Protein chains: 4
Amino acid sequence: MIIPSIRFQNYKNMNTDFILADFQRVRAQSLDACSGLCLEDYGLQAAVFASPPKWHLAHTSWFFETFILKPFSEGYQEFNPRFEVLFNSYYNGIGQQHPRAERGLLSRPELSEILAYRNHIDACMLSLLDQSAHPDREEIWTRCRLGLQHEQQHQELFYTDIKYSFSRNPLFPALHEPDSSDKSALASSNVGDIATLAYASFEGGLVSIGQDVDKEDAAGSVTGFSFDNERPAHKVYLEPFSFATRLVTNAEYLAFIEDGGYERPELWLADGWNWVQQRDIKAPLYWYERNGEAMEYTLYGLRRRLPALPVCHVSAYEADAYAAWAGARLPTEFEWETVARAVSEASGSSGAITLHPAALQPGQETQQAHGQDIGQLFGHCWQWTGSAYRPYPGYRKAEGAIGEYNGKFMCNQWVLRGSSCVTPVGHARSSYRNFFTPEDRWQFTGIRLARDI
Amino acid sequence: MIIPSIRFQNYKNMNTDFILADFQRVRAQSLDACSGLCLEDYGLQAAVFASPPKWHLAHTSWFFETFILKPFSEGYQEFNPRFEVLFNSYYNGIGQQHPRAERGLLSRPELSEILAYRNHIDACMLSLLDQSAHPDREEIWTRCRLGLQHEQQHQELFYTDIKYSFSRNPLFPALHEPDSSDKSALASSNVGDIATLAYASFEGGLVSIGQDVDKEDAAGSVTGFSFDNERPAHKVYLEPFSFATRLVTNAEYLAFIEDGGYERPELWLADGWNWVQQRDIKAPLYWYERNGEAMEYTLYGLRRRLPALPVCHVSAYEADAYAAWAGARLPTEFEWETVARAVSEASGSSGAITLHPAALQPGQETQQAHGQDIGQLFGHCWQWTGSAYRPYPGYRKAEGAIGEYNGKFMCNQWVLRGSSCVTPVGHARSSYRNFFTPEDRWQFTGIRLARDI
Amino acid sequence: MIIPSIRFQNYKNMNTDFILADFQRVRAQSLDACSGLCLEDYGLQAAVFASPPKWHLAHTSWFFETFILKPFSEGYQEFNPRFEVLFNSYYNGIGQQHPRAERGLLSRPELSEILAYRNHIDACMLSLLDQSAHPDREEIWTRCRLGLQHEQQHQELFYTDIKYSFSRNPLFPALHEPDSSDKSALASSNVGDIATLAYASFEGGLVSIGQDVDKEDAAGSVTGFSFDNERPAHKVYLEPFSFATRLVTNAEYLAFIEDGGYERPELWLADGWNWVQQRDIKAPLYWYERNGEAMEYTLYGLRRRLPALPVCHVSAYEADAYAAWAGARLPTEFEWETVARAVSEASGSSGAITLHPAALQPGQETQQAHGQDIGQLFGHCWQWTGSAYRPYPGYRKAEGAIGEYNGKFMCNQWVLRGSSCVTPVGHARSSYRNFFTPEDRWQFTGIRLARDI
Amino acid sequence: MIIPSIRFQNYKNMNTDFILADFQRVRAQSLDACSGLCLEDYGLQAAVFASPPKWHLAHTSWFFETFILKPFSEGYQEFNPRFEVLFNSYYNGIGQQHPRAERGLLSRPELSEILAYRNHIDACMLSLLDQSAHPDREEIWTRCRLGLQHEQQHQELFYTDIKYSFSRNPLFPALHEPDSSDKSALASSNVGDIATLAYASFEGGLVSIGQDVDKEDAAGSVTGFSFDNERPAHKVYLEPFSFATRLVTNAEYLAFIEDGGYERPELWLADGWNWVQQRDIKAPLYWYERNGEAMEYTLYGLRRRLPALPVCHVSAYEADAYAAWAGARLPTEFEWETVARAVSEASGSSGAITLHPAALQPGQETQQAHGQDIGQLFGHCWQWTGSAYRPYPGYRKAEGAIGEYNGKFMCNQWVLRGSSCVTPVGHARSSYRNFFTPEDRWQFTGIRLARDI
C-alpha cells in the first residue's frame, strides 16, 4: 500500500494507516533536522526568542502529552512530572512555565532523556490513534493533526533559532555543507541572471479571505487543515492594486543602503526610525563585511553575499522603508491572499526544504495569475504585509488552554504570508497567517512590493 | 456682524473676518486652559509623554512659525533662533529636537518669554492672514486651519498631561474646583440612575469610511476639515454587528475586578498579560483607596469614585480584557464610524468642555440610529476600537516635513474614536482617528462594547 | 557687642546671643544663595542626585523640625503634616520618603509656602534656643549645631545641583554674572602664570588622624565641631610620601587627553574603563567645544576654558587615571590630613565663596608645611583621595534616626578632602571627610597628586 | 624520588622534576574537577559571572600560551589563532575579548577540541620547562608558578560557577553524590554539637602585613608564593580587638532572619538596604523551603539545611548587617591576617577539598593563638572583612598585560580572607587577599565576627 505524502488531510473517512504514517513521518523529521548538530549545540539559546534544539524536541512531545494523552488516554503515566512545567511554552491554562529566557540553562535533562521522552510519547500516541473504538476518536484525530502542524512550526523555528544562536559564535558554524542541489540554489550570482521585477495588476473588489472549518465536499472528503486564525472565511473589499512579480534582491536592497536608506528618517515609520537609531542598524541581520568582501551568514556558514538572491532577514520596518524608497508599499495580507488564490495552490512548496532562499531565474517557477507571472510566493522568504495581526470578523478561539494557541498574540504583530525555504513541505497554504513583531528579523523574512493603481 | 462658532469651515469663499476670528479664539483658548496653574506648574513633566504646559504654549506657536511664517511671510524675523530646536516636537525634516524627556528641564526661557513669543506669532499671523493679495493665500489658509486643529489637539494634551503630572504629587492638586455645571455632571452616584446597557443592531454590508479632501457642494461651500489619516473615503465590508448603547461604568468595571479580572490570563492578550504582571496593574490609572474608601483622581482633585460614571483611563489591554470577560468585544473603527454616521454628527460635542466625563442618565443625550438610542459617542471618553492604526487604501502623506504629522505613527498603535470631556468644542467628528499605543492610559479613554450577531 | 564670624564654636560657656546669631546667619545664607534664580528654577531637578532649590530650602527646615522641635519643643505644632514624608531625605527611622527622583515633580507646595515653612521653623527655633532653663538645653544646642552644619552642606549642594540642572538646558543659564572679584579669580589664562607643580616630601610614621568629641581645653572652651565620621582620633602608620604643591590644571589635564588618556585601558581601573566605554566619556563633565573653541560651563555661564584654572568636575576614575599617566598616584586621606595639619588650619577658606575655582599664582596663597609651600588645600576643588570611605576604628554612630547621617553610606564611596569654591565659609577643616561614589562628577572635584618616596 | 605535595615553592635552586610534577598535578586537577559533569554541562553559563566549565579549561591553557609560550618558546605554533580572542578573559593589553556574557554561546569549539588544546599546551610547556639552558629560564619558571596559581583560582571558580548555573535548573542537579568523608562533614545537625562562639582578645599595635617578593633564607630557599596584591610587606597600626573563635552558623543566621533582620533598615548599609529592597532578598543565596522544610542547595544536590553548618553564600551587605545585629562588626583584613599569623600557617587547608563547609565540633580543628582557640580560618568559607580592596603602600603592578591581573580591580570591592571548602589544597595562606563586590554571593562566603575592646 502506498502512503501519500504528508498533506494533513482530514482523516474522517480514511483508515488509520494514513494518520499513523503522517505522525511517524513528521515526528521523524524533527530528528532529521538535527542531524548537523553536535551534542553541545542542543542546549544553545543565544536570545530569548531562540529556543534550544533540545527544548523544541521536548516541547513538541509535551504538546501531544498535554493535549491528547493526558485527557484522552486512560491510565496514561506521565514520563516525568517535572516536564509539565519545564516544557510548557506559554499555556497559562496548563500552569507555570519554566522561564523562556532560561531554556538554555537546562543542561539536564540530558538529550538522551529527551529522546527517551519522545519515544515514550510516540509509542503512547500510536497506540491511542490505533484505538478505532475510542469514544473521542474524532477529537483525538483533530488534535493530532494540530499537534503535527505545531511540530512542523517548531521544525521551522529549529532552523531559524539555531541560525541565530550560531550567528553569535564568531566561528560562524555551518549546520550543513551544501549538497549539489543546494549549490544550484545558491548559484545565481548577479541580478542580470534573474527575472525582471514587474508589477502585475489586480482589479480588487469584494473578495473572499480565509477558510471555514473543514467542509466536506461532494465526495465526502475535506479540503484541508487551517489554524483558527485563518477562520472564518469572510468578505473583504479591495481597491485595484498591482503586485510585484518576485521578491526584492540583495542587489536592489544594497542600492537602497547606498542611497542613504538607513539615514533618511522620512522613509521610516517613527518606531522604525527609533529602532534604527537605538540599535545602530545599518543592514539586514546577517550581513557582514570580511576583508572588504560582502558576506552573508547562512546555515551553510559565512558565504559570499550574492546579488541575485532575495534579501532576507529584514524587519517589517526595513521592508516598509525599502518600499517607501522604491515608490511602492507592502501589500495587505488580503491582497497577498487574493493573488495567491489566483495561482495554483501552495506552489513552490513541493520539493525539499533548503537552507537558504534561491534566486528566481527567468521563466522559472512562476505561476500564472490572470495571465500574469508571479514568482516566489512560497518556499523562499516569508513576506511582510502591511497588515496588523488582528482577528477576522467572527473569529472564535478554542475553549480551554488550547485556545491560547493563536488568539492571544493578536496585538502589535504584523502578518507575514507565504512560506520560506525552511518551511516543512506540505505546511504552506494561501490562507496561512504567520505573524511577528515588526522588529523581528531572525525568521527568513523578505520583501514583496505592491502599489495602488 | 456675528462671528460663528469655531467650525473650521473651509474659508475659500469667505471673507477674512472668519479666519481671523477663529485664529484669535483658538489661540486664546490655550491660555484660558492654563488659568488654574501657578507659575511653578508650567514646567512640570512627570513622564516622557506628559509635556509641560509651557512647552505646549511654545510648540503650538512654533508650528505656525515653522510651517507658515518662515516659508510664506516675506522678511519674517525669528523671535529666537534657539526655539527652532527647543520647541520642535518630532519633525526630523525640520532638524534636531530638544529631547522629549527633557522638556521639563527648560526652566528658561521663562513663561514671560514664551508669552511674548505667542504675542509675536499672533501679530505676524494676523498680519499675514490679512494680506488678501498674497500669492500663496490658499496654502496659508489651509495650513492655518491645520495649525488651529493642531493647537486644539495640544489643548486636550494640556489637560491630560497636567493631570498625569499632578497625579504624581502626593498632594493631588486640583486644576479647578468644580463649578455648578461640573457638579451636576459629577452628580450621578449609582448605576441605578443611569441608562441600561443594551446592544443596538446594525446590518453591516459595504459601507463608506473616511473623508475625501474638501469637496465643494452645490452652494460652493465645503464640508469640513479632516486630517490626512481620515482620507481617502473608501469602501469597507462589514458583517452584521451590535453596538452597546453607552460606555462601561465604574461599577461594571469594578465587577470585573472583583471577579478576578486582573488575575485571569485567559481574558488577556499576551502583551496585555505581560503588562499586567510586570507593572503589577490592578485597576485603572487613577483609582486609589483612601481609608477604605474608593477614590479617583480627577482634575477637580482626589474625589469619591462614583459607580455611575464611565470607567476612564484604561489601556486597550484592559478594554480588551473587560470585553472578553463581558462576552463581547471592542468594535472595529469601521463599525464605530458607521454607527456615528447614522446619528447626528458630532453630537455631544456641543457645550463646553468639562474636566471629567459624566454619567448617561435615562433618556438623556442619546441619538437615534436606525431607531435605536446610542449615547456617549462624543464628549466623555475616547473609545478604544479593536483596529490597529494603519493607513487607508490610497493614503498619501503630505510632501515635506509637514507630512510627518500622522503617517509615520501608523505602527503598533490602536485607533480610538469619539472624543472626550476635554476635547475642544468643534474638534470632534465621526471620521476622526485618534491613536495611542495599547498600554497608554493617561488620555480620557473608556470602553465601548460590541458583538457579532 | 560684636558677634564673631560663624565658627560653630561649642556654646557651652557662652551666652545665647552667639548661637542665635549663628542660626540666623546660616539660615539667611540659604536664601541668599538663591538670589540668582527665577521662580521657575526652584523646582528644577535634572538628575536623581540634583535636588531642586525649593527642596533644599524645605529639607533643611525639616531637619530642625524633625530632630529638635518635635522631640524637644513642648506643644510644637507641625507646619504641615504632609511635609514629614515630602521632605525626608533618607531617614528610614523617621518613616517613608517621597521618592528622591521625583522631588522635581513637587510644583506644589509653592515656593511661597516653603518660605512660610522656613519662617515658622525659624521662629520656633529661636524661641526654643532662648529657653535658658530648658532641661535638654545642651542636647538642643548640640543638635542645632549639627543642623547648621547640615544646612551648610545643603548650601554647597544647592550650587552643585543647580549647576548640573542648568547644564542640561541648551541655553546654559548663568546663576550670576561675575562681579569684579570673581573676574579676578577667573583672570589667569595660561599655565605660565601659575606656580610650578612640585612635590613636597613628608616622612610619614605614626600619625594622629581624626578628632575626638569636643574636649574642653584649659580655658574651658572647646576646639570645634566634627561629624561622627571624623571620630575618634586614632593612630595611622604612614610610609614616607611626597605631595603635590598645587592642584592639576586644565592645561595639564588636556595634555593627558591629547596623549590618548581616554583610550588607553592600562591607565584605568577596570570599573573606570567600563564607565568610560559605556558612557562614551571623553572629557571632564562640563567641557564643551563651540565653534572650535574650548569652553567650560560654569555658574557664570558658558565661558572660554582657561588653561591655568584647576581641572574640575572629574570622577575618581579620571583622577586615578590621570595620576597613573603622570607617574603619580592619589594621596590617601591620611596623607592628605597629615599635610593639612602641618599648615595653618583651614587656610584658604577665609573670604567669600566664588562660583568657580581660581588659579594658584606664584607666591600666592600657599602655606608652609615643614618649610614647603602647599597651595589650594581649601576653597577651590574637593580632592579625590585614594581611600575608600570606611569607618575609623572605634567609630560609633549616634542612636536613633539621626545616626543615619553618615555611617550607612560607608560603602563603595571614596573620600574627598579639602573644600571647594562653593563650600560655605567656616565649614572646612583638616579632618573633614567628604565622600562620593567614584563616578560622581557634579561636585567641584579636582586632582591632587602624591607619590611614594 | 619522592615528589613533594604541591606547595609552589620557589624553584630556583631545585631541579626540574619539581616544577614538572607541580605542573602536571595542577593541570590534572582541572580535569578531575569536571568528573561529575555530562557533556551538555560544559557550556553552561547562567550569569555573566558564572563561566562555563569548558571556558575555564580553555582559558587556563590560554594563560600559559599567551604569557609563556608565545613570548618565550621559539617557533611556537598557535593551536588555533581564533582562541586568542575567544579565551582572553579581560586582558586589554592582549587585545579584544569575546564578550564575557556570551561565553556560554560557544557550543563550538567542542569539548574534544578544548581537550586537544590542553594537551598541546601541556606538551609545549613541559618541553619548555625542561630547557635547562633557556636564557629566560627564571622568568619562565616565575610565570609558570603564576600560571599554576591562576589555574587553581579557576578550579575554585569552576565549583562556584557550576553551582550557580546548576542552581538555576529546577531539577537542582548534584555535581557528585557525597562519599563517606563528605557525609561525615555534613553530619553535624544542631548547634548543640558545635563549639560555643567566643571572642579571643588581641592587643593590636604596630603589626606587619603582607609579603615581600620571595626572599632567600639562610639555606638559600625561599618562603613561598604571593600575588602582587599581597605585596609589599608593610606596617599597620591596630587598636585592640577581639575575634570570634568560629564562623557564624545557619542556626545563628536564622535567628537574625526571624528577628526581622531583612526588614530593619537600621541594621544595613544604605547600598545594602537598596539591594535588599530592589531584589527582594530574604535569605542567603541557596536557601529554599520545600514542603515546609528548610533546604539548602549544595553541590551534593538540594539537601536539608543543617543548623550547625556555617552560614554560606551571603553578601558583604548581609555579613555587615548580621554583625550589626549581633552587636559586633566585621574584622578588618589586617586584624584577620594578624590572627592568622599567630596560628600555624594555612591550617585547615590540609586534606582534600569538600563540596560544602563543615561544622566546627568541640575541640576539633582549632589552633592556638596566644593561648586562644581559633577555628575555621581556612577550608570552609571565605570571610568577608570590613576592608575595601585597595593597594598596599608601595604597591607596584607588573609591566605589560600581565599587570592587569589584580591591580585594576582595586575599586568597589571588599577583601575576603581565608579559603573555602573548594579552594585547592596548598593554595591558601595568611596574606591571601580575595576580593569581590559586596553584593556577590555565589562564592562560598561566610561571616567572621570581631569587636572593639
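Residues numbered from 1 in each chain as written. Chains lettered and ligands numbered in written order. Predicted model: local features only at pLDDT ≥ 70, side-chain atom pairs only at ≥ 80, totals over all residues. Heavy atoms only, no water.

**A short note on the relation of the copies chain C and chain D**
The condition is simple: Superposing the copies works by least squares over the C-alpha atoms of residues that have pLDDT at least 70 in both of them. Between two residues, a contact is recorded if the distance between any of their heavy atoms is within 4.5 Å.
In screw terms, the move from chain C to chain D is a rotation of 180° and a rise of 0.0 Å along the axis, fitting with an RMSD of 0.0 Å. Classification of the inter-copy transformation places it as that of a two-fold axis. For chain C, the minimum C-alpha distance to the rotation axis belongs to Asn412(C) and amounts to 2.5 Å. Most of the interface of chain C is mirrored in chain D: 100% of its interface residues are interface residues there too.

**A look at the pattern of salt bridges**
In a structure, side chains of opposite charge can pair up when their charged atoms sit close to one another. For clarity, the cut-off: Salt bridges are defined as contacts in which a side-chain nitrogen from Lys or Arg sits within 4 Å of a carboxyl oxygen from Asp or Glu. Segments assigned H or I by DSSP are reported as helices when at least four residues long, segments assigned E as strands when at least two residues long, and all are numbered from the N terminus. For each residue, the accessible area found with a 1.4 Å probe, counting protein chains only, is set against the maximum for its type, and the residue is called buried under 20%, exposed over 50%, and partly exposed in between.
According to the stated counting rule, one finds 98 salt bridges over all chains in the structure shown. The salt bridge partner of Arg168(C) is Glu102(B), with a shortest N-O separation of 2.6 Å. Of this pair, Arg168(C) sits in the loop between helix 5 (137-167) and helix 6 (180-185) while Glu102(B) sits in the loop between helix 3 (83-86) and helix 4 (111-129), each in a different chain. As a salt-bridge pair, Arg118(B) and Glu151(B) come within 2.8 Å of each other at their nearest N and O atoms. Of the two residues, Arg118(B) is situated in helix 4 and Glu151(B) in helix 5 (residues 137-167); the sequence distance between them amounts to 33 residues. Glu151(B) matches Arg118(B) in its accessibility class, with the two residues each being buried. A network of salt bridges, in which partner residues are shared, links Glu333(A), Glu337(A), Arg341(A), Arg417(A) and Arg433(A).

**Focus on the packing of helix 2 (residues 53-72) of chain C against helix 4 (residues 111-129) of chain C**
All names here are of chain C. Our working rule: In this analysis an axis means a line fitted to C-alpha atoms, helices contributing only their contacting stretch, and an angle means the value between N-to-C directions, from 0 to 180 degrees. Two helices cross in a left-handed way if the nearer one is turned anticlockwise from the farther one by less than a right angle. They cross in a right-handed way if the turn is clockwise. Each residue gets one of three labels, nonpolar for Ala, Val, Leu, Ile, Met, Phe, Trp, Tyr, Cys and Pro, charged for Asp, Glu, Lys and Arg, and polar for the others, Gly among them.
It is at 9 Å that the axes of helix 2 and helix 4 come closest, and there the two elements cross at 35°. Between helix 2 and helix 4 the crossing geometry is left-handed. Across the interface between the two elements, Lys-54, Leu-57, Ala-58, Thr-60, Ser-61, Trp-62, Phe-64, Glu-65, Ile-68, Leu-69 and Phe-72 of helix 2 pack against Leu-111, Ile-114, Tyr-117, Arg-118, Ile-121, Cys-124, Met-125 and Leu-128 of helix 4. Class assignment of the residues belonging to the contact of helix 2 with helix 4 gives a composition of 14 nonpolar, two polar and three charged.

**What about the packing of aromatic side chains?**
So the rule is basically this: A pair of Phe, Tyr and Trp rings is counted when the ring centres sit within 6.5 Å of each other, with Trp represented by its six-membered ring. The angle between the planes then sorts it: under 30 degrees is stacked, over 60 is edge-to-face, the rest tilted. Look at NZ for Lys and CZ for Arg. If either is within 6 Å of the ring centre and within 35 degrees of the ring normal, a charge sits over the ring.
Within this structure, the stated rule accounts for 164 aromatic pairs over all chains. Taking 6.4 Å as the distance between ring centres and 70° as the angle between the ring planes, the aromatic pair formed by Tyr253(A) and Tyr262(A) counts as edge-to-face. Ring geometry for Tyr322(A) and Trp325(A): centres 5.4 Å apart, planes at 50°, overall tilted. Residue Tyr322(A) and its partner Trp325(A) are located together in helix 9 (residues 316-325), separated by three residues, close to a single helical turn. Classification of Tyr322(A) as buried rests on a relative accessible area of 4%. We classify Trp325(A) as partly exposed; its relative accessible area is 26%. When the ring centre of Trp287(C) is taken as origin, the NZ or CZ atom of Arg305(C), which lies over that ring, is 3.7 Å away.

**Details of the interface of chain D and chain A**
Put simply, the rule is: Summed over both partners, buried area is the accessible surface (1.4 Å probe) that two parts give up on being assembled.
Between chain D and chain A, the contact holds 28 residues from the first and 28 residues from the second. Roughly 2500 Å² of surface becomes buried between chain D and chain A when both sides are summed, with 53% attributable to carbon and sulfur atoms. At the boundary of chain D with chain A, the tally comes to six salt bridges. Of the charged contacts in the structure, one is a salt bridge between Lys54(A) and Glu40(D), with a shortest N-O distance of 2.5 Å.

**Re the pairing of strand 7 (residues 301-304) of chain A**
A regular strand carries its side chains on alternate faces of the sheet. Residues and elements named next belong to chain A. The cut-off we apply is this: Strands qualify as paired when DSSP identifies two bridges or more between them.
Direction of pairing for strand 6 (residues 293-298) relative to strand 7: antiparallel, over a ladder of four bridges. Bridging across to strand 7, Glu-296 finds its partner in Arg-303. Once strand 6 ends, the chain turns through two residues before running back antiparallel as strand 7.

**A few points about the relation of the copies chain D and chain A**
Once turned by 180° and shifted 0.0 Å along the axis, chain D lies on chain A with an RMSD of 0.0 Å. Same-surface contact between copies: 100% of interface residues of chain D are shared with the interface of chain A.

**Looking at the domain arrangement of chain A**
Residues and elements named next belong to chain A. Stated formally: Residue ranges labeled as domains rest on an automatic or database domain assignment.
Assigned domains within chain A: domain 1 (16-167) and domain 2 (180-452). Each of domain 1 and domain 2 has a C-alpha centre, and the two are 27 Å apart. Taken together, the contacts link 26 residues of domain 1 with 32 residues of domain 2. Approximately 2600 Å² of surface area, both sides summed, lies buried where domain 1 meets domain 2, with 62% of it carried by carbon and sulfur atoms.

**Details of the sheet that holds strand 1 (residues 199-202) of chain B**
Sheets are built from strands paired through backbone hydrogen bonds, the pairs being either parallel or antiparallel. Residue and element names in this part refer to chain B. One open sheet accounts for three strands, arranged 1-4-14; its pairing is antiparallel. The two strands at the open ends of the sheet, each matched to only one other strand, are strand 1 and strand 14 (450-452). Pairs of neighbouring strands in the sheet enclose a mean axial angle of 25°, with direction left out of account.

**What about the interface of chain C and chain D?**
At the interface, 31 residues of chain C touch 31 residues of chain D. Together, the buried faces of chain C and chain D total about 2400 Å²; carbon and sulfur atoms form 53% of this surface. Counting the surface chain C buries against chain D, the share from its top three residues, Tyr237(C), Arg390(C) and Asn412(C), is 22%. There are two salt bridges connecting chain C and chain D. Ionic pairing is found between Asp452(D) and Arg396(C), a salt bridge with its closest N-O pair at 3.3 Å.

**Thoughts on helix 7 (residues 250-258) of chain B**
All names here are of chain B. Heads up, the condition is: Our arc is simply the arc of the directions from the helix axis toward the C-beta atoms.
Within helix 7 the residues assigned to the buried category are Asn-250, Glu-252, Tyr-253, Phe-256 and Ile-257. The buried residues of helix 7 all sit within an arc of 165° when viewed along its axis, so they share a single face. In this fold, the buried residues of helix 7 make contact with strand 5 (287-290), strand 6 (293-298) and helix 9 (316-325). In the stretch just after helix 7, Gly-260 is the one whose phi turns positive, near 80°.

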